[in-house]
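Chain residues, written in single-letter form:
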Amino acid sequence: MERTPHIVVIGGGSTGIGVARDLALRGVEVTLVEQGNLTHGTTGRMHGLLHSGGRYAVADQASAIECIEENRILREIAGHCVEMTGGLFVKRPEDPEEYFQEKLAGCRECGIPAEVISGAEARQMEPHLAKDVEKAITVPDGAIDPFRLVVANAVDAQDHGARIETHTRVTDLLVEGGAVVGIEVEHGVDTPGTVIGEDSGTERIYADHVINATGAWAGRIGEMAGVDIAVRPSKGVMTVMNIRQVDTVINRCRPKGDADIIVPHETAAILGTTDVEVDDPEEYPEEQWEVDLMIDTLAELVPMLREARTIRSFWGVRPLYEPPEVASEDPTDITRDFFLLDHADRDDLPGLTSIVGGKLTTYRQMAETIADHVCAKFDIDAPCVTAERPLPGSGDFTLMRDYMEEFGLRSPIGRRSAERLGSRADEVLETDGPNPTICACEAVTRAELQDAIGQAGSDLNAVRIRTRSSMGNCQGGFCAHRMANELSKATDPMTTEAAWDDLLAERWRGQRHALWGEHLSQVMLNYAMQAATQCRDTAGAASAGTDFGAFRGVGPTVPTDQAGREPAHGD
Amino acid sequence: MAIESDVLVIGGGLAGMMSALAAAEEGASVRLISYKQSTLRQASGLIDLLGYLPGEQRPVVSPYEAIGALPAEHPYAILGVDRVRAAMDRFDTTVGYDGGGAERNTLVATHAGGYKPTFRTPQSVTPGALADGGAMLLVGFDPITDFDAPFAAAMLTEAGVPFEVHGETLPFPIEQASDAGIGRFAALIEEDPAVPATGRTLRESIATAIGAVLGEAERVGVPAILGTQESASIIAELEAALGVPVFEVPMGPPSLLGSRLEAELHAALDRAGVSMELGNPVVDADADARISTVYVEKNHAQIPYAASEYVLATGGLVGKGVGSDRSQVHEPVFGCHIPHPADRSDWYDDDVFGAHPFARFGVRVGGDLRPQTADGAIEYQNLRAAGSVIGGADFAKEKSGSGISIATGVAAGTAAAEEAA
Amino acid sequence: MSDAEQPGFAPTQPNTGTEFEPVQVFPEVTDSDLRSGADSCYKCSTCDVNCPVAAVDDSFPGPKFQGPEQWRLHQRDEEHEIDDSIMSCSNCMRCDNACPSGVPLSQMHNTARAEYVSEQMSHRSVEYWRNRLLSNYRLSAWAASKAPRVANWMLNFGPARQLLEATLGITAEREFPAFATETFRRWWQRRGGAAASRARAVAARRRQGLDPDADKKVAYFHGCYSNYNTPEVGRALVRVYEHFGYEVVVPKQGCSGTPMFANGMIDDAARHKDRTLEGFTPKLDAGYDVIASCTSCSMALRQEYPELFEDAGVDALAGRTYEGIEYLRIHEDLPGALAEAEAPADFPDAFAYHAPCHARNQGLARQAVELFRHLEGVTIEDVGESCSGISGTYGWKQEKYEVSMQIGEDMFEHMHDAAGTTGMTECPTCAMQMEHGTSYPIRHPLELLAAVLTD
């Protein structure tokens, strides 16, 4: 090839975005399309765990080794997306000793640093652990924010010339002469107002190669090209607690099963998970027994979970894939390894490569594999640099600053902002006017919100995942309207209202599963504020055509004086 | 040994206060015990009688007429419109709100750009009525983030209000730390200090700034931050400076309008000789068919209080008069029965503003306002309920919360005093 | 940390501290984990609106931030910093009362403040030592009581006060309270101590036709102030109780710790707690109830002790401590006794009453006003709901003086508007502030009771 090839990547999750970044850094022209916001699919609904590999150290050692390698790399290049919490595999009296030893040996075999500590030592680290936890293995698990990670990859890709389009749905794959030559898309789906890229219209995007990085949707894209990709999506619940009961990733040291992990993430602890195969990655039942199972089972490790407040539960769908000949019955047996499917070889259809399986922790390595594959096809001799180059935001930054002096922010607020913004903190937080806090639960200021609006457009959910605004314990009860007020400065009122309603709907979706105890009281208060005080429920199109004149008004205007006023006339 | 009274009201919210007042005015000795301050401080400060019928999209114009269309389990249907009207009359004579005696709802702007049907308004809100009136200017202050005047004005215009409405955002004349709370702004406005380097006071500066953008507007609305005790004189001062009526737009929590209403009710209770204790919960009771004594907990000690008649006005899910866990819903003080679906996935609607069963959780009562067991028997002969602890109404969707509290409160208090005599 | 177990009758959790057992993370440091307190928070900001400091000081973010927000952001890592605005919280504890949900706000603030003082404040700073001096009032008072007249003169000597302000930051604006020539405890000994009290109580029982051996006995926690500065309050309490047939004992005791909690000096408070437990636990075991005349003392024993200390005797003490008049309202017919009495001859008959914030938290804000309604010829007017502003040591700090006076402005105005020129309150530092702002003399309700019921 003389000219640089144009590669189209379908899917704005960690894999797709990782590929876009890798290729862009190698000087390849990339266009990425995503049907929702970035991280719309599995990436946005994952547990937040940066694997040490410990969880695979017994049954899937290939995955485990990949994990520990990438764990080390991501700590370096994605510092502002990662919190190195450390991890524990804890053993309760009824958990098999044999497995404990297998786990320890397995970690060591895979090069995962692992030490045994006593139950007392574990409780020194984590005082809320159950008293009868006997012992534990320490591993370098961490917590990773998938939104921040993907956004940082996207920014880097764009900085190196990539074109990114969100809310852009692929409606067809273009096949000519027995090869895939591009995609047909519709812009501006499922969102009000502005997005990343084009806001509306249809487009045919021609490409020298198309990468299908759509995870659980891989089969759907394959269908458009007439190839069969048997993804076996499997759902898992994640229950979000109101506070961090633990600051360390807590794994149950027993053979894989449901409800065996707690991951601290930002201001919450996330309980997980279940593993139930589903037919459709978009429509599947969100069931109460799954939430109850998380609480009841994980309370065996951290007893206070039983009475603690949850603020929402959400489900993610694992994009599991296994080669058709393996045919596991139990979805928990399916490997977490990834597969690169070159459709030229497999299906006689050049121009398309799919990437399936995998997990977020190894996204960079998956992306490297695909990028290498693409470069090989086009004789491009450019090495992968993604393991060495820090992501935007992860450059040198320190959290030990005087935020009040520098930015007029209280230290806990400044610190949270700096944790999120990383090396962009100065750029964003230096403001001219007042910089009030919009979301008090997660310490998000106006400056950060406006920065996110500038990046992501008028979709308040896109703004939410960048800033964590409305992800705290009131779940937007007190800040949704403030976020809307901020957005109204950047776009028209109708778009703002639609975005506001979308945010409220999205926040409700997860809170439905937390309706008891303190959170039910919070939800009732939110409902009372939003319906009785704000009247959000009757605003807009809901009650068009109200006859204002039929109501009691001010009456004939009366001049007022300092002594008082005329009361409004009755009827 | 116990601290005694004829009537003991448990819960110091709007329902509890109206109940205590009604009982005292019937001549009973009344004690009011409240664990917390009332939820009036979280509500808008408006008095909503009935804004929307269940399932209807258009607001109600004449609430007394609409009551007849309510389902039988609704507290208004249980009371009957005559008792509701009598309770509102009593409210009108107790509290200096506008609209006394009126039969129609008025419409007011919300801080989020919506419009709300309500029945009685504080004097500071009334000139902002949306049914008629002259061109309106809404003014917001930076950095108060809860009210964006231009956005609210745009939404009201879209809703079709019958006058011109514009919005402006002005900087608050005295620079504050950017996370200063509503209480701080209100305190400053009340104190009215000099604004550095201008030779003007704060209120003068506000008036001047509004005057500069007033244009053709015939009335001005600001967020409800005009002081806590002296709002009337503050408004009068602004009106004199601007030459047009000035009104407040009710805000959400913390609601200064709600606090002012609470203060007015406390003063009425004081005049009526009601004894009040705020700060400790009722945690236990001695009872068989009748309640003889309740116990108030102060840290580890339990102090006994006894009365002939009791009123339970502990609130709903927000006030915590209704509690829940993963498998059930309960009334925590006396264990009165609260009807609810066994499966908690039936407690809510999938739509954020759908018809949520949880919004109607509460005890079930008959016309005598005494909570009933699951079989319809009376829980305790000398216990009545008032306010949002009573189920059967979604006050948030209906915009009926304060009306239900007032109506059931007055009815319960009156009945309790009559029994105790 | 035990599994949470619901007792049979467990409504919303009162701010008792029993629900939030502090978890000792590192036993040698008072570092408790109160994150779960944030589970009750609805973010409604009612606490902020009730905070008297936030209303006048815009650099103070308010209780919601100091409490549930910072605690929710709190992590185990060593880099976590508590915002230094925690030192602007006066510990008036009105936020507890304001919270509609039961967030243990003042417990969160006290714990954070202790951590801040121990980890972040320099122990070589003037601020630290000034706060320590003010907190350990008892020590200064003890020293002063050895030569009260000299102390009184010195402590209000202009140049000395200017020096104190310039070096330590203790405001020169306030008059130091006078030290009594005879402490309460000295008076108690001189009068015959427990034996004499018992004799008087028995005599009173006989007069009233009660069983002379009736089980009516109380242990008095007098507090630093009633001992060293206003022993007349202690004397009044003793007389009133003996009048009702109670025998009084006055055990060994420390400072209640109120000023120490407010300044983050938990270790100092702990030493005094040990002393108090030493004196009072045997009495509690013997069936005595504990009464206190200072509402901050009763607040500390009832709330802050169980929230911040885990000693065995703390719960028993907290459960049987009562405010001085509250106890009589429960066990005696005070309204009846007052209805039969007459207004006292040589005692003021119109009072401007201020309910201390710490009394408010015990549900006692209206106690005095409602009680004295039954006494003819005496008017008590409530001067409003505001905080007096001084909040113990807070108003004595030079950098907080202005704020404390701004907070108290409402109260001063209402006092001037009220009939009468005498103030009334249960809290000694509120009394200082009331006097400072109006020049009114200030009495304790127990003094009025004593004047009316005893001779």
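No experiment lies behind these values; they were computed from the predicted model shown.

What counts and what doesn't
Residues numbered from 1 in each chain as written. Chains lettered and ligands numbered in written order. Predicted model: local features only at pLDDT ≥ 70, side-chain atom pairs only at ≥ 80, totals over all residues. Heavy atoms only, no water. Contact = heavy atoms within 4.5 Å. Buried area = accessible area lost by both parts, 1.4 Å probe. Salt bridge = Lys/Arg side-chain N within 4 Å of Asp/Glu carboxyl O. Polar contact = N/O pair within 3.5 Å; in protein donor to acceptor, adjacent residues only side chain to side chain. Helix = DSSP H or I, 4+ residues; strand = E, 2+ residues; numbered from the N terminus. Expected span 1.5 Å × (residues − 1). Buried < 20%, exposed > 50% of the residue type's maximum accessible area, 1.4 Å probe, protein only. Pairing = 2+ DSSP bridges. pLDDT = per-residue confidence, 0-100. Domains from an automatic or database assignment.

Student: Give me the interface of chain B and chain A: which residues, what numbers.
Tutor: At the interface, 84 residues of chain B touch 74 residues of chain A. Summed over both partners, the interface of chain B with chain A buries about 6900 Å², with 58% contributed by carbon and sulfur atoms. Together, F151(B), R326(B) and F353(B) form the three largest contributors to the area buried by chain B at its contact with chain A, with a combined 11%. There are nine salt bridges connecting chain B and chain A. The shortest N-O distance in the salt bridge between R446(A) and D142(B) comes to 2.9 Å. For the interface between chain B and chain A, the tally reads 29 residue pairs in polar contact (both at pLDDT 80 or more). Every element with two or more residues in the side of chain B that touches chain A is listed here: β3 (106-109), β4 (115-118), α5 (149-159), α8 (231-242) and α10 (395-398) of chain B.

Student: Describe helix α5 (residues 105-119) of chain C, listing the residues and the values that go with them.
Tutor: For α5(C), spanning 15 residues, the distance from its first C-alpha to its last is 21 Å, which sits close to the expected 21 Å at 1.5 Å a residue. When you tally the buried positions in α5(C), you get 13 out of 15 residues, the bulk of the element.

Student: So what's going on with helix α24 (residues 445-453) of chain C? Residues and values would help.
Tutor: Think of an α-helix as 3.6 residues a turn; residues three or four steps apart then line up on the same face. A large share of α24(C) lies buried, amounting to eight of its nine residues. Regarding α24(C), the residues found buried are P445(C), L446(C), E447(C), L448(C), L449(C), A450(C), V452(C) and L453(C).

Student: Explain the sheet that holds strand β6 (residues 379-382) of chain C to me, and be specific about the residues and the numbers.
Tutor: Strands belonging to one sheet form pairs held by backbone hydrogen bonds; the direction of such a pair is parallel or antiparallel. Residue and element names in this part refer to chain C. One open sheet accounts for four strands, arranged β6-β5-β7-β8; its pairing is parallel. If you trace the sheet from one side to the other, it starts and ends with β6 and β8 (442-443), each paired once. As defined by bridge partners, strand β5 (residues 350-353) adjoins β6 across four bridges and the pair is classed as parallel. Residue pairing for β6: A350 is matched across the bridge by T379.

Student: Residues and numbers for the confidence of the model for chain C, please.
Tutor: Residue and element names in this part refer to chain C. Looking at chain C as a whole, its pLDDT mean stands at 87, while 92% of the residues score no less than 70. Under a pLDDT of 50 for its full length, residues 1-31 has, in the predicted model, 70 contacts with residues more than four places off or in other chains. Among the prediction metrics, the complex's ipTM stands at 0.97, with pTM recorded as 0.91.

Student: Report on the domain arrangement of chain B, specifying residues and quantitative values.
Tutor: The domain architecture assigned to chain B consists of domain 1 (3-100 + 259-420) and domain 2 (126-249). Distance from the C-alpha centre of domain 1 of chain B to the C-alpha centre of domain 2 of chain B: 35 Å.

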